[in-house]
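# Structural overview
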Amino acid sequence: MAPRPYWKGYLKLSLVSCPIALYTATSSSERVAFRQINKKTGNRLRQLLVDDVTREPVESEDKGRGYEVAKNAYLVIDDDELDAVAVESNHTIQIDSFVPRTQIDERYFDSPYYIAPDDEVGQEAFAVIRDAMKGKGMVALARVVLSKRERVIMLQPWDKGLMGTTLRYPYELKDAGEYFTGIADIKTKGEMLDLAEHILESKTTDFDPSKFVDHYEEAVIDMLRQKQAGMPTPKERTVAPPSNVINLMDALRRSLADDKKPAAKTQPKESA
C-alpha cells in the first residue's frame, strides 16, 4: 500500500511552483505500547470528556474549540473559520530564502518530513528546485501550515526528493544560561585531559544508526514474554546506579586500560 500523505499542496520558488505531497519521515508504531485497563476486570479503559462546570459527559459531536477571553468565558471557534484564515502557507510551501546549512542551530530542529512531487507534470519544476541546492551546502527556509499552525520548514535535497524539517520558533527555546550558571570554571589538568582524549580516540568510529539498540525496549519485551509464559518477574530495580568517582585520575586510567583490552571473540558454531 502506498504511503498516505500528511499534507498536500504546492512548493513555490518565486514564479516556479509544483504540486507536492509531504509525508512524515518517522514512526513510533513499532514500539511496545500499553493500554490503560481496569485492573479489577481487565477491560480496556476509554477516555470520557466531561464538562468542567456541569460535570456531565460530553458527546464527541459537541466537542469544539474555544479561546479563553475571561475566567470560564470562551470565544467559540469553528474549524471552518480556522481553515478560512487567509494565509498562503495553508496550501503552499513558499520558499523565502536560502541559508548555509551550517548556520542553523540544531536546537531549532523539530520534526522531519519527506517531500515528493504529487504529479508527473510538476516533476521537472520539482527537480529544478531540488538540484539548485545540491552541492552548495545551502538549505531553503519556507513556511507551511501544519495542524492549524504556521511552521518554518527547512528544505534540503534528500535522495531523489526533498527532506523538510520543521523548525522551532525562538520563543520555544529555553536559554541555556539558566541551566549552566552553576557550573564552576574548572581548569582541566593536562594529564587528565590527555587521558580523556585518549578514551575519546579509542571510542571514535563512523556514525552507523543501524547499530542503535533500544536496550530498554528489549528488556520490556523480555519481561512481557516471561509474564506471558507464567514466569515470575522482578518487581524491584536490579541494576545498581553508578558510584561516584572518588579518584578521577585513577578512574580515567582504568577506563583507558579497559578500552584497550581486546574484545572477547565468540567461538564459531560448528556446522551440522
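Residues numbered from 1 in each chain as written. Predicted model: local features only at pLDDT ≥ 70, side-chain atom pairs only at ≥ 80, totals over all residues. Heavy atoms only, no water.

### Some words on the pairing of strand 6 (residues 109-117)
Pairing geometry for strand 2 (residues 16-24) and strand 6, over 5 bridges, is antiparallel. When the bridges of strand 6 are listed, A21 appears paired with A116. Both strand 6 and strand 9 (residues 161-167) contribute to a ladder of 5 bridges, which runs antiparallel. Residue pairing across strands places F109 opposite L167, the latter belonging to strand 9. (Pairing = 2+ DSSP bridges. Helix = DSSP H or I, 4+ residues; strand = E, 2+ residues; numbered from the N terminus.)

### Things to note about the pattern of salt bridges
This model, assessed by the stated rule, comprises 12 salt bridges. Measuring nitrogen to oxygen at the nearest pair gives 2.7 Å for the salt bridge that ties R151 to D110. Here R151 is found in strand 8 (residues 149-158), whereas its partner D110 is found in strand 6, with 41 residues between them in sequence. Across the salt bridge formed by K134 and D131, the nearest N and O atoms sit 3.7 Å from each other. Looking at D131, the relative accessible area reads 36%, which means it is partly exposed. Each of D96, R143 and E150 takes part in one network of salt bridges that share partners. (Salt bridge = Lys/Arg side-chain N within 4 Å of Asp/Glu carboxyl O. Buried < 20%, exposed > 50% of the residue type's maximum accessible area, 1.4 Å probe, protein only.)

### Remarks on the sheet that holds strand 9
Spatially, 7 strands are ordered 1-2-6-9-8-7-5 in a closed barrel, and the strand pairing comes out mixed. If you compare each strand with its neighbour and ignore which way they point, the axes differ by 40 degrees on average. Pairing of strand 5 (residues 92-100) with strand 7 (residues 138-146) involves 6 bridges; the strand directions are antiparallel. What sits directly across from P100, in strand 7, is M138. Packed on one face of the sheet, helix 2 (residues 123-133) meets strand 1 (7-13), strand 2, strand 5, strand 6, strand 7, strand 8 and strand 9 and runs near 80 degrees to strand 2. (Axes fitted to C-alpha atoms, helices over the stretch in contact; angles between N-to-C directions. Contact = heavy atoms within 4.5 Å.)

### Side note on unusual backbone geometry
Even without glycine at this site, K148 takes up a positive phi of about 60 degrees. Tracing the sequence through the fold places K148 in the loop between strand 7 and strand 8. What makes K148 partly exposed here is its relative accessible area of 38%.

### What about the confidence of the model for the protein?
Chain-level statistics for the protein give a pLDDT mean of 85 and a share of 90% at 70 or above. Model confidence for the protein, summarised as mean pLDDT per element, is weakest for helix 6 (residues 248-260) at 75 and strongest for strand 9 at 97. Counting contacts from residues 266-272, a segment whose pLDDT is below 50, to residues more than four positions away or on other chains yields 0 contacts. (pLDDT = per-residue confidence, 0-100.)

### A word on a nonpolar patch on the surface
Taken together, the side chains of F34, M223 and L224 present a nonpolar region at the surface, about 270 Å² in accessible area. Tracing the backbone shows M223 in helix 5 (residues 215-228). M223 gets classed as partly exposed once you look at its relative accessible area, which sits at 31%. (Patch = residues over 30% accessible without salt bridge, like charges linked within 9 Å, V, L, I, M, F, W, Y side chains within 5 Å. Areas by Shrake-Rupley, 256 points an atom, 1.4 Å probe, with all protein chains shown as cover.)

### Side note on the nonpolar core
One finds L11, I20, I93, I115 and L155 to be the most contacted residues of the largest nonpolar core, which totals 20 residues. Listed by contribution, the elements that provide at least two residues to this core are strand 1, strand 2, strand 5, strand 6, helix 2, strand 7 and strand 8. Setting aside residues no more than four positions away along its own chain, L155 makes contact with L11, I93, I95, I115, M133, V139, A140, A142, M163 and G164. (Core = buried A, V, L, I, M, F, W, Y, C linked by side-chain atoms within 4.5 Å.)

### Points about the side chain of T92
On the secondary structure map, T92 appears in strand 5. When neighbours within four sequence positions are excluded, T92 is seen to be in contact with W7, Y10, K12 and R143.

### Re the environment of L146
Assignment of secondary structure puts L146 in strand 7. The buried category is assigned to L146, whose relative accessible area is 7%. Taking the C-alpha atoms as reference points, L146 and H91, separated by 55 residues in sequence, lie 9.7 Å from one another. Contacts of L146, omitting those with residues within four sequence positions, involve Y6, W7, Y113 and T166.

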